Amino acid sequence: RPTAAPRAEPGQQELLRKAGSPEEAIRAGAAPNGSAQQLPQTIIIGVRKGGTRALLEMLSLHPDVAAAENEVHFFDWEEHYRQGLGWYRSQMPFSYPHQLTVEKTPAYFTSPKVPERVHAMNPAIRLLLILRDPSERVLSDYTQVLYNHVQKRKPYPSIEEFLVRDGRLNVDYKALNRSLYHLHLRNWLRRFPLRRIHIVDGDRLIRDPFPEIQKVERFLKLSPQINASNFYFNKTKGFYCLRDGGRDRCLHESKGRAHPQVDPKLLSKLHEYFHEPNKKFFELVGRTFDWH
Ligand SMILES: Nc1ncnc2c1ncn2[C@@H]1O[C@H](COP(=O)(O)OS(=O)(=O)O)[C@@H](OP(=O)(O)O)[C@H]1O
């Protein structure tokens, strides 16, 4: 008996039909100058706080890349997914046929139903996943939510209050789960072979972005057009910024915030907690990362 193809979710086939084939969808969004809105041929799937914006902006330096400005949340938000691929395409920038369209929605990586949905759209899609030291990612995640509260002038507990319960590490803190990369990647590997998923080292992208971006160019089979001179270190920002046709720009001030000081003992508990999951992740991808 031939093995059955993975079953689409109920209603999914109908949604895909509603949008027509990707080719039809592409033609439908055509503009008179020959540009059109295309479904993405590559997606930055996460991880939240991994450096997804930096990766998208850096990749956009390439003339053959057209990036969606906002996070689209098509595959993870029902109210969007319900509207079908035609809606998804309508969220994409206009681009020329030789260009690659890319979008980034960091929440895709940790959302269990997303891999199947992406696969149903395009099983040959190339995925980009940017990861960062799991403990550092937790601090960044906390800092993001803290600032959301501060902006709304709402109080927010200290990081210790999230990380500690009854004198032990509180493993129920959601931000910890998002850093269990092996669990989430397993969901993706049920639908996509590892060679379709390029993992960007987010810590290296911070320290020295150019080599990481060159690897992405190669993975996407783009001609090598991004140069070392497209990046310069901005001492005030403390991060690399971009130089594009004489125009200099750094990422928004919400990128590269100071993280809270955490008691060293608690920090080592956090590092210890991730030790085994990290090992599992390294085995899964056949590669190691310089994480705590
Ligand atoms: N060049 C450059 N400039 C500024 N920031 C940089 C850069 N490269 C990577 N990063 C890191 O990106 C982190 C934010 O990640 P994301 O964009 O994925 O966050 S989000 O999930 O979309 O909110 C952000 O996390 P925080 O440092 O915690 O703010 C940065 O460390």
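Residues numbered from 1 in each chain as written. Predicted model: local features only at pLDDT ≥ 70, side-chain atom pairs only at ≥ 80, totals over all residues. Heavy atoms only, no water.

**Notes on the packing of aromatic side chains**
The test is simple: When two rings of Phe, Tyr or Trp (its six-membered ring) have centres within 6.5 Å they constitute a pair, described as stacked for plane angles under 30 degrees, edge-to-face for angles over 60, and tilted for the intermediate range. When accessible area is computed with a 1.4 Å probe and restricted to protein chains, residues below 20% of their type maximum are described as buried, those above 50% as exposed, and intermediate ones as partly exposed. Think of it as a cone above the ring: NZ of Lys or CZ of Arg counts as a charge over the ring if it is within 6 Å of the ring centre and within 35 degrees of the ring normal.
Going through the model one piece at a time under the given rule, you end up with 24 aromatic pairs. Geometrically, the ring pair formed by Phe282 and Trp291 is tilted, given 5.4 Å between the ring centres and 40 degrees between the ring planes. Just as Phe282 is buried, Trp291 falls in that class too. Positioned above the aromatic ring of Phe219, the side-chain terminus of Arg126 is 5.9 Å from the ring centre.

**Brief notes about the UniProt feature "domain: Sulfotransferase" (unreviewed entry) in the protein**
The following threshold applies: UniProt positions are given in the numbering used here, feature names are shortened, and annotations may be inferred rather than shown by experiment. Going along the chain from the N terminus, every DSSP run of H or I of four or more residues is numbered as a helix, and every run of E of two or more is numbered as a strand.
When the UniProt feature table is mapped onto this chain numbering, "domain: Sulfotransferase" (unreviewed entry) sits at residues 40-279. Between the end C-alpha atoms of residues 40-279 there is a gap of 32 Å, over a span that is 40% helix and 18% strand.

**So, the site of the ligand**
The condition is simple: Nearness here has a simple test: a residue counts as near a molecule or strand if at least one of its heavy atoms is within 4 Å of that partner. Think of a polar contact as two N or O atoms within 3.5 Å of one another; within protein, one of them needs to be a possible hydrogen donor and the other a possible acceptor, and neighboring residues in sequence only count if both atoms come from side chains. Here the open area of atoms and residues is found with the Shrake-Rupley method and a 1.4 Å probe, where only the protein chains shown may cover a residue. In this analysis a 1.4 Å probe is tested at points of a 1 Å grid over the protein atoms alone, and where it fits but cannot get out there is a cavity; an open set with protein on both sides within 12 Å along at least five of seven lines is a pocket; lining residues have an atom within 4 Å of a point. Grid points define the cavity or pocket, and a molecule sits in it when more than half of its atoms lie within 2 Å of them.
Of all residues adjacent to the ligand, which total 25 residues, the nearest are Thr52, Lys104, Ser140, Gly256 and His259. Within the side chain of Thr52, a nitrogen or oxygen atom sits 2.6 Å from an oxygen atom of the ligand. Within the contact set of the ligand, an oxygen atom lies 2.8 Å away from a side-chain nitrogen or oxygen of Lys104. Contact with the protein chains hides 96% of the accessible area of the ligand, taken as 640 Å² for the molecule alone. Here the ligand occupies the largest pocket. When residues of the shell around the ligand are traced back to their parent elements, those giving at least two are α3 (52-59), α7 (134-151) and β11 (239-244). In terms of residue count, α3 provides more of the shell around the ligand than any other element does, four residues in total.

**A short note on the sheet that holds strand β10 (residues 231-234)**
Counted only if it meets this: Any two strands are treated as partners once DSSP identifies two or more bridges connecting them. Only C-alpha atoms enter the line fits that serve as axes; for helices the fit covers just the stretch in contact. Angles between N-to-C directions range over 0 to 180 degrees.
Read across the open sheet, the three strands follow the order β10-β11-β12; overall the sheet is antiparallel. Since the sheet does not close on itself, it has two edges, and those belong to β10 and β12 (247-249), each with one partner. The sheet shows a mean angle of 35 degrees between the axes of neighbouring strands, direction not considered.

**Focus on the layout of surface pockets**
In this approach a probe as big as a water molecule rolls over the atoms, and the regions it shows empty are the leftover space. The cut-off we apply is this: Grid points are joined across faces, edges and corners, and a volume is the space filled by probe spheres set on the points. Any residue that is not Ala, Val, Leu, Ile, Met, Phe, Trp, Tyr, Cys, Pro, Asp, Glu, Lys or Arg is counted as polar, Gly included; the first ten are nonpolar and the last four charged.
Considering only enclosed or pocket space, the largest pocket measures out at about 1000 Å³ in volume. Elements represented by at least two residues in the lining of the largest pocket include exactly α3, α7, α11 (202-207) and β11. When grouped by side-chain class, the residues that make up the lining of the largest pocket number nine nonpolar, 15 polar and 15 charged.

**Section: the side chain of Gln38**
Residue placement: Gln38 occurs in the loop between β1 (36-37) and β2 (42-46). The exposure class assigned to Gln38 is buried, which follows from its relative accessible area of 7%. There is a polar contact of 3.0 Å between the side chain of Gln38 and the side chain of Gln41. A distance of 3.2 Å separates a polar side-chain atom of Gln38 from the backbone oxygen of Tyr96.

**Description of the sheet that holds strand β3 (residues 65-67)**
Strand order across the open sheet formed by five strands is β3-β5-β2-β6-β9, with parallel pairing between neighbours. Of all the strands in the sheet, the pair left with one neighbour each is β3 and β9 (197-201). Ignoring which end each strand starts from, the neighbouring axes of this sheet average 25 degrees apart. Relative to strand β6 (residues 126-131), β2 runs parallel, the two being bridged by four bridges.

**Overview of the pattern of salt bridges**
Where we set the bar: Any carboxyl oxygen of Asp or Glu within 4 Å of a side-chain nitrogen of Lys or Arg constitutes a salt bridge here.
Throughout the structure, instances matching the rule amount to 14 salt bridges. Arg53 is the partner of Glu57 in a salt bridge, and the nearest nitrogen-oxygen pair spans 3.5 Å. Here Arg53 and Glu57 lie together in helix α3, a separation of four residues that amounts to about one turn. Both residues of the pair, Glu57 and Arg53, count as buried. As a salt-bridge pair, Glu78 and Lys113 come within 2.9 Å of each other at their nearest N and O atoms. Within this pair, whereas Glu78 is found in helix α4 (residues 78-81), its partner Lys113 is found in the loop between β5 (100-104) and α6 (114-121), the two being separated by 35 residues in sequence. Residue classification places Glu78 among the partly exposed residues on the basis of a relative accessible area of 31%. Residues participating in the shared-partner salt-bridge network are Arg48, Arg137, Asp141 and Arg178.

**Quick notes on the nonpolar core**
To be explicit about the condition: Nine residue types can take part in a nonpolar core, namely buried Ala, Val, Leu, Ile, Met, Phe, Trp, Tyr and Cys, and a core is a set of them joined through side-chain atoms within 4.5 Å. Residue contacts are defined here by distance: any two heavy atoms, one from each residue, within 4.5 Å place the two residues in contact.
Counting residues in hydrophobic clusters, the biggest one holds 33 residues, and the most contacted among them are Ile43, Phe75, Tyr88, Trp188 and Phe281. Of all the secondary structure elements, the ones that give two or more residues to this core are β2, α5 (84-90), α6, β6, α10 (181-189), β9 and α13 (264-285). Once residues lying within four places of it in the same chain are set aside, the contact partners of Tyr88 are Leu39, Pro40, Ile43, Val72, Phe74, Phe75, Glu103, Tyr108 and Met121. Membership of the second largest hydrophobic core comes to 24 residues, among which are Ile44, Val65, Val216 and Phe231.

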